[in-house]
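Residue-level structural notes
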Amino acid sequence: MSPVAVVVVTWNSAAVLPGFLAALPDGMAGLDWRLVVADNDSADDTVEVLRALAPDTTIVQTGRNAGYAAGINAALDAAGEWDGGYGTVLVCNPDIRMRQGCAKRLVDRLDGEVGIAVPLLYEEGREAPLYSLRRESTVARALGEAIIGNRRAGRFPRLSELVTDPAAYAGPTRPDWATGALMALSADCLAACGPWDESFFLYSEETEYCLRARDLGYRTQLEPTAQAVHLGGESRVSPRLWTLLTLNRVRLYGRRHGALATGCFRAAVFLREASRAALGREASRAAAAALLRPGALRGPAEA
């Protein structure tokens, strides 16, 4: 059996890499695995940290800040050069800390129908799991989130993308998509889906991939016995990143729906951001302004 390729994309990740690498042996327990890191032209000591702490790592230097999906594709290309190629792939952020046996539980969950397995994610220092499961975007869900907030609306499947029902996190739930901080991908799913969509640069690439996999017959499934801590969350406070997240969400919707539906969805997302901007949220103010700009939804390949 081919080893599991552990695929990581880094960009100025020197501060979080030691913790990730320290947790990796316990997280990957019971599996034969290889680490492949695509570095997007880090300006810090990311590559030096990898070479010092994990000298057997396959390091791909993209030479530019190519984006998350492009980094995944570069790492997958490198993993495919091993003898026999790779089987299962584990895609994870460097700010993930896998708990004991996490990866094997994810890999064991994969089968002919489940092409993507995701763990129960926790935030550092908190006992309750993160709301990492999502429903596909609809106009009604965007309006529900705008009017009553995504966490409150999350209790009602028709009114929010966010899944907040605790029961959904207690068993093998199959959402439309899930947070992409850590996910196991089957070889069959990878072959069917092909490369990740590099036009999103950052945010919505995992959404697009999960929905594309579902369209091709491969479901995403939560494995609650597989657990990890996620240190991320910068998009919550950075206006630039929140704007990118918001625009990519609308761009992806537009890829899958007609112009009229996309216009309604964009208006509903604008309502949500504008209402929060009125309450003083700087990130929402930036996102709302961006949604009004002509051409804001064109991606790098479409500009």
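Calculation rules
Residues numbered from 1 in each chain as written. Predicted model: local features only at pLDDT ≥ 70, side-chain atom pairs only at ≥ 80, totals over all residues. Heavy atoms only, no water. Phe/Tyr/Trp six-rings, centres within 6.5 Å; stacked < 30°, edge-to-face > 60°. Helix = DSSP H or I, 4+ residues; strand = E, 2+ residues; numbered from the N terminus. Buried < 20%, exposed > 50% of the residue type's maximum accessible area, 1.4 Å probe, protein only. Core = buried A, V, L, I, M, F, W, Y, C linked by side-chain atoms within 4.5 Å. Salt bridge = Lys/Arg side-chain N within 4 Å of Asp/Glu carboxyl O. pLDDT = per-residue confidence, 0-100. 1 Å grid on protein atoms, 1.4 Å probe; cavity = no way out; pocket = protein on both sides within 12 Å on 5 of 7 lines; lining within 4 Å. Points joined across faces, edges and corners; volume = space filled by probe spheres on them. Nonpolar A, V, L, I, M, F, W, Y, C, P; charged D, E, K, R; others polar. Pairing = 2+ DSSP bridges. Right-handed = clockwise from strand over helix to strand, strands pointing away. Axes fitted to C-alpha atoms, helices over the stretch in contact; angles between N-to-C directions. Parallel < 35°, antiparallel > 145°, perpendicular 65-115°, else oblique. Left-handed = near helix turned anticlockwise from the far one by under 90°. Contact = heavy atoms within 4.5 Å.

So, the packing of aromatic side chains
Within this structure, the stated rule accounts for three aromatic pairs. With a centroid separation of 5.9 Å and an interplanar angle of 50 degrees, the aromatic rings of Y131 and Y169 are classed as tilted. Taken as a pair, Y131 in the loop between β6 (114-123) and β7 (133-134) and Y169 in the loop between α6 (150-153) and β8 (177-178) lie far apart in primary sequence, 38 residues in all. Judged by its relative accessible area of 30%, Y131 falls in the partly exposed class. Judged by centre distance (4.4 Å) and plane angle (15 degrees), the rings of W196 and Y209 are stacked. Of this pair, W196 sits in the loop between α7 (187-193) and α8 (205-215) while Y209 sits in helix α8, placing them 13 residues apart in sequence. Relative accessible area serves as the criterion here: at 3%, W196 is assigned to the buried category.

A short note on the nonpolar core
Counting 38 residues, the largest nonpolar core has V91, I116, L133, M183, L185, W196 and Y209 as its most contacted members. Here the element with the most residues in this core is helix α3 (residues 68-79); it accounts for eight residues. The next biggest cluster of nonpolar side chains, apart from the first, holds 32 residues, and it includes L21, M98, V107 and A228.

Examining the pattern of salt bridges
Taken as a whole and assessed by the stated rule, the structure comprises 15 salt bridges. R256 is paired through a salt bridge with E136; the nearest N and O atoms lie 3.2 Å apart. Here E136 lies in the loop between β7 and α5 (139-148) and R256 lies in helix α9 (residues 239-256), a separation of 120 residues in the sequence. R249 serves as the salt-bridge partner of E145, at 3.0 Å between the closest nitrogen and oxygen. Here the residue E145 occupies a position in helix α5, and R249 occupies one in helix α9, the gap between them amounting to 104 residues. Across the pair, R249 and E145 agree in class, each one buried. Several salt bridges share partner residues, and in doing so they unite E136, D176, R214, D215 and R256 into one network.

Describing α8
By the criterion of burial, α8 is predominantly enclosed, with nine of the eleven residues buried. For α8, the set of buried residues is E205, E206, T207, E208, Y209, C210, L211, R212 and A213. The positive-phi residue at the C-terminal boundary of α8 is G217, with phi of around 100 degrees.

Some remarks on the confidence of the model for the chain
Mean pLDDT over the chain stands at 92; residues scoring 70 or higher make up 95%. Within the chain, the element-level pLDDT minimum falls on α6, averaging 85, and the maximum on strand β9 (residues 182-185), averaging 98.

Let's talk about the layout of surface pockets
Here the second largest pocket is characterised by a volume of approximately 180 Å³. Around the second largest pocket, the lining comprises twelve residues; the ones closest to its centre are W33, R34, L35, D56 and T57. Taken together, the residues of the lining of the second largest pocket break down into eight nonpolar, two polar and two charged.

A word on the pairing of strand β2 (residues 33-39)
As a general feature of sheets, a regular strand has side chains that alternate between the two faces. Counting buried residues along β2, five of its seven residues qualify, which places the element largely inside the surrounding structure. Here β2 pairs with strand β3 (residues 58-61) via four bridges, running parallel. Each residue of the ladder has a partner; that of V37, found in β3, is I59. With respect to chirality, the unit in which β2 leads through helix α2 (residues 46-53) into the neighbouring parallel β3 is right-handed.

Considering the packing of α9 against helix α11 (residues 282-292)
Where α9 meets α11, the axes come as close as 8 Å, and the angle between the chain directions of the two elements is 45 degrees. Between α9 and α11, the angle is such that the two are oblique. Judged by the sense of rotation from one axis to the other, the crossing of α9 with α11 is right-handed. Taking contact as the criterion, the partners of P239, W242, T243, T246, L247 and V250 in α9 are, on α11, E282, A283, S284, A286, A287, A290 and L291.

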